[in-house]
Structure formats: structure tokens, C-alpha cells
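Examining the three-dimensional arrangement
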Amino acid sequence: MTNAYSSSCAPNGVYYHPHSVTYHPSLPMAHYLPVWLDAFLLAPFTWLASPLASFWLGSALLAAYATLMGEIVAGLLFMTHKSYYLELQDKMIHMHNVSVDALHQSDKESYLAANNLAQEAFGKTFFSEATVGMASILPVPFALAWLSLRFTGIPLLTVPVLGTELGYPFVFLLLYITLRILFAKWKTHLPFFRTIHSIKQKAKAARGPMRRFIPEAHGNDKP
């Protein structure tokens, strides 16, 4: 990819350089964005002399803010409802194990009843974990909305063969996904996330493993 981004005129007629960034007051977010927050987010985009390098640096820091804030929100959500979340997981594993035991004993009625309860608990567990996961990406649309205020219509990179112009969403999302992967491996070194990890590990150890159905354990009988 080549750089299609300098002090030249962007498609929307706006010039970009490190100390003069596009602003679109007509967009809805502009009416609710505090001046101090806009200045704080914009500062890294003016730190370097190179416009492209400044944009990558500013986007990297914005992605880091979004990653950290999202993980904190998700962590707080888990801590607030941890008893409920852990209870769901305990029930899911317990009822699954009961259904496996019933299957080994060829007790069809008990197996069906336990299996239904296990599936119900699994569904609730799935959606509760999905809620926490969605909370972790909550800052992303706000970050993209702010970038749209400043960089709408400004091409940053061009794919040589296709001639496709890539703007702020490509750069930000690339950096954000990379940082999320790295942070997931590193976050347990931070006290808050280490505490959450410890709570989950202790709960996992207390509930025991999820048992598997072994055909040989009940012969050739089927429930």
C-alpha cells in the first residue's frame, strides 16, 4: 500500500496537516463532545511532523483508550453481577453432569429432565457472557464517531492494484484488533483484571470438570 495522504487537498476539499485537522460541526456528535475531551483526543495527532505518522500514533492511542475502557466496563459489569454469572455456570455444569450420570445409568427420564435444565442454563450463560463481551467493545463506536468528526473524506492509504482508498476506519480497527489480542494476553498482570481472573479460576476449580459421556460405562443400553 502506498501513502495517499499529505498536505494535498482531500476529496472533500479539506487540507490535512499535523496542526490543522478537519472538523465537521454538522455531525450530531459535535454538539455533545466536550471541548477538553476533543482537545485531549486530538493532541497525539499533532505530536509528529509527518502527517501519516501522526495519524497512526493518534489512532494507536485512541485504540488503546478504547481497549482499556472497554475492558474496565466489562470487568465492572462482571464484578457487579458475578454471583449471578457464576451461579449460571455452576448450574450449567452441574445439570450437564447429572444428565451424563443418568445417561450412564440408562435413566431416560432423568436424562431428559437434566439435559433440558442444562440447555436452559447454557442459553442464559451464553447471553450473559455475550453481554459482557459487548460491553467490552462499547467505546469503539464512540471512537469511530470522533474520528469521523476529524477525518471524514481524507484518504490515508491506497491499495496499488485495486486503487482502493482506505481511511480512518481501516487504520483504527486494525490497531484496535491488534491491541485487543495483545491486551487479552497481558491484562492479568494488572490488579483489577488479575482479581477477576482469580475469581473465575476459583469458581471453575470449585465446580469441577464437565464430565463426558463414555459409551463403555453403560454397555450397549441407550436411554
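Residues numbered from 1 in each chain as written. Predicted model: local features only at pLDDT ≥ 70, side-chain atom pairs only at ≥ 80, totals over all residues. Heavy atoms only, no water.

**Some thoughts on unusual backbone geometry**
Positive phi is not limited to glycine here, since serine 106 has a value of about 60°. Within the element layout of this structure, serine 106 appears in the loop between α3 (82-104) and α4 (108-136). (Helix = DSSP H or I, 4+ residues; strand = E, 2+ residues; numbered from the N terminus.)

**Quick word on the pattern of salt bridges**
Applying the stated rule across the entire model yields 5 salt bridges. The salt bridge partner of arginine 180 is glutamate 71, with a shortest N-O separation of 3.3 Å. Of this pair, arginine 180 sits in helix α6 (residues 168-186) while glutamate 71 sits in helix α2 (residues 51-80); the two residues are 109 residues apart in sequence, bridging distant segments of the chain. Judged by its relative accessible area of 7%, glutamate 71 falls in the buried class. Where glutamate 120 meets lysine 124, a salt bridge forms, and the shortest distance between an N and an O atom there is 3.4 Å. Of this pair, glutamate 120 and lysine 124 are both found in helix α4, 4 residues apart, which corresponds to roughly one turn of the helix. (Salt bridge = Lys/Arg side-chain N within 4 Å of Asp/Glu carboxyl O. Buried < 20%, exposed > 50% of the residue type's maximum accessible area, 1.4 Å probe, protein only.)

**Focus: the packing of α2 against helix α7 (residues 191-207)**
Contact geometry for α2 and α7: axes closest at 11 Å, N-to-C directions at 40°. Taken together, the axes of α2 and α7 lie oblique to each other. Considering only the axes of α2 and α7, their crossing is left-handed. On α7, the residues that touch Leu68, Glu71, Ile72, Gly75, Leu76, Phe78 and Met79 of α2 are Phe192, Phe193, Ile196, Ile199 and Lys200. The residue inventory of the contact of α2 with α7, partitioned by class, reads 9 nonpolar, 1 polar and 2 charged. (Axes fitted to C-alpha atoms, helices over the stretch in contact; angles between N-to-C directions. Parallel < 35°, antiparallel > 145°, perpendicular 65-115°, else oblique. Left-handed = near helix turned anticlockwise from the far one by under 90°. Contact = heavy atoms within 4.5 Å. Nonpolar A, V, L, I, M, F, W, Y, C, P; charged D, E, K, R; others polar.)

**Some thoughts on the packing of α3 against α7**
Orientation of α3 relative to α7, taken along the N-to-C sense of each, is 30°, at an axis distance of 10 Å. One way to sum up the angle between α3 and α7 is to call them roughly parallel. Crossing angle aside, the handedness with which α3 passes α7 is right-handed. Packed against α3, whose contacting residues are Lys82, Leu86, Gln89, Asp90 and Ile93, the element α7 presents Ile199, Ala203 and Arg207 at the interface. Considered class by class, the residues forming the contact of α3 with α7 number 4 nonpolar, 1 polar and 3 charged.

**Description of the layout of surface pockets**
Counted as a void, the largest pocket has a volume near 520 Å³. Along the wall of the largest pocket there are 26 residues; nearest its centre are Phe78, Gln89, Val132, Ile196 and Lys200. When contributions to the lining of the largest pocket are tallied by element, the ones reaching two or more residues are α2, α3, α4 and α7. If you tally residues by element for the lining of the largest pocket, the top one is α7, at 7 residues. (1 Å grid on protein atoms, 1.4 Å probe; cavity = no way out; pocket = protein on both sides within 12 Å on 5 of 7 lines; lining within 4 Å. Points joined across faces, edges and corners; volume = space filled by probe spheres on them.)

**Here's the deal with the packing of aromatic side chains**
Aromatic rings in a pair are described by how distant their centres are and how their planes are angled relative to each other. Enumeration over the complete set of coordinates arrives at 14 aromatic pairs. Ring geometry for phenylalanine 192 versus phenylalanine 193: centroids 5.2 Å apart, planes at 70°, classification edge-to-face. Here phenylalanine 192 falls in the partly exposed class, since its relative accessible area comes to 29%. For phenylalanine 193, a relative accessible area of 7% puts it in the buried group. A connected cluster of aromatic rings, assembled from ring pairs, spans Phe45, Phe55, Trp146 and Phe151. The cationic tip of lysine 200 hangs over the ring face of phenylalanine 78; the distance from NZ or CZ to the ring centre is 4.8 Å. (Phe/Tyr/Trp six-rings, centres within 6.5 Å; stacked < 30°, edge-to-face > 60°. Lys NZ or Arg CZ within 6 Å of the ring centre and 35° of its normal.)

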